[in-house]
Protein chains: 2
Amino acid sequence: MNIFFKALNDPTRREILELLNKGDLTAGEIADCFSMTKPSISHHLDLLRQADLVVSIREGQYIKYSINTTVFDGVVVWLMQFKKST
Amino acid sequence: MNIFFKALNDPTRREILELLNKGDLTAGEIADCFSMTKPSISHHLDLLRQADLVVSIREGQYIKYSINTTVFDGVVVWLMQFKKST
DNA sequence: TAGATATTTAGACAAATATCTAATTATTAT
DNA sequence: ATAATAATTAGATATTTGTCTAAATATCTA
């Protein structure tokens, strides 16, 4: 839970997730969507990967990133606990 | 969204929410549940209040805190966007 | 093999964060 | 009024975080 909220506690990383939700992208394509250096984006991708929110596979010269939505289930359950008691 | 994830990006604050989900508590009662000074807890409560996740009202000498679960709705919607496409 | 492209890693640095102690404000009760 | 209790605010400090530049790694192509 910790690493998840840490990963989501940044607007750039949340935007990356929204981008990947529309389709897979390479690291470079993701970086092109932001006014930030590639190393910075790479670092954000690393945090998202640590939280298991994205998966990466090398495709030749490129590294392609995909969103992993299964992680959200646990968090939604955690959030829903607060709505039960109504 | 920013302030919400910021507020939730701390285990102590998440635990405070879980406590308040069982019932209202005063600042002191909350602090007693943690091995941390009262000023530190007060600071966490302040962040939770900024995120509108808790509400506080003074009751005489005490200040009572309640959880505000309405905020979760928006976040669950945000999280659910990632599950739609399945 | 050399050079070009894609990406990450390393190291530095400023800004944000979590925590503490000490001081302040607010309320109650003697 | 004074003292006691509840809670916050202020200020200090160590740690974490986001960003950058420079360097390193990996792949492709001529």
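Bear in mind that the values here come from a model prediction, so they are computed numbers and not experimental data.

A word on the relation of the copies chain A and chain B
- Expressed as a screw operation, the relation of chain A to chain B combines 0.0 Å of axial shift with a rotation of 180 degrees, fitting to an RMSD of 0.0 Å. Expressed as an axis order, the relation between the two copies is that of a two-fold axis.
- Most of the interface of chain A is mirrored in chain B, where 100% of its interface residues again form contacts.

Examining the pattern of salt bridges
Residue and element names in this part refer to chain A.
- Inspection of the entire model under this criterion finds eight salt bridges over all chains.
- For Asp-46, the salt bridge is made with Arg-49, and the minimal N-O distance between the two is 3.2 Å. With a gap of three residues between them, Asp-46 and Arg-49 both fall in helix H4 (residues 38-50), about one helical turn apart.
- A relative accessible area of 28% places Asp-46 in the partly exposed class.
- For Arg-49, a relative accessible area of 33% puts it in the partly exposed group.
- Residues Glu-59 and Lys-64 are paired through a salt bridge, measuring 3.8 Å at the closest nitrogen-oxygen approach.
- With relative accessibility at 40%, the residue Glu-59 sits in the partly exposed group.

Here we look at the environment of B:Val71
All names here are of chain B.
- Relative to the assigned elements, Val-71 resides in helix H5 (residues 70-84).
- Sequence separation of Val-71 and Lys-6 is 65 residues, and the distance between their C-alpha atoms is 14 Å.
- Among residues more than four places away in sequence, those in contact with Val-71 are Phe-4, Ala-51, Asp-52 and Leu-53.

Quick notes on the interface of chain A and chain B
- In this assembly, 26 residues from chain A lie in contact with 26 residues from chain B.
- The junction of chain A with chain B conceals about 2400 Å² of combined surface from both sides, 62% of it contributed by carbon and sulfur atoms.
- Three residues, A:Arg14, A:Leu79 and A:Phe82, lead the burial of chain A against chain B; their summed loss comes to 25% of the area buried on that side.
- Where chain A touches chain B, the interface holds two salt bridges.
- Between B:Lys83 and A:Asp73 there is a salt bridge; the shortest N-O distance is 3.1 Å.
- Every element with two or more residues in the side of chain A that touches chain B is listed here: helix H1 (2-8), helix H2 (11-22) and helix H5 (70-84) of chain A.
- Considering each element in turn, the side of chain A that touches chain B owes the most residues, 11 residues, to H5(A).

What counts and how
- Residues numbered from 1 in each chain as written.
- Chains lettered and ligands numbered in written order.
- Predicted model: local features only at pLDDT ≥ 70, side-chain atom pairs only at ≥ 80, totals over all residues.
- Heavy atoms only, no water.
- Least-squares fit on C-alpha atoms with pLDDT ≥ 70 in both.
- Contact = heavy atoms within 4.5 Å.
- Salt bridge = Lys/Arg side-chain N within 4 Å of Asp/Glu carboxyl O.
- Helix = DSSP H or I, 4+ residues; strand = E, 2+ residues; numbered from the N terminus.
- Buried < 20%, exposed > 50% of the residue type's maximum accessible area, 1.4 Å probe, protein only.
- Buried area = accessible area lost by both parts, 1.4 Å probe.

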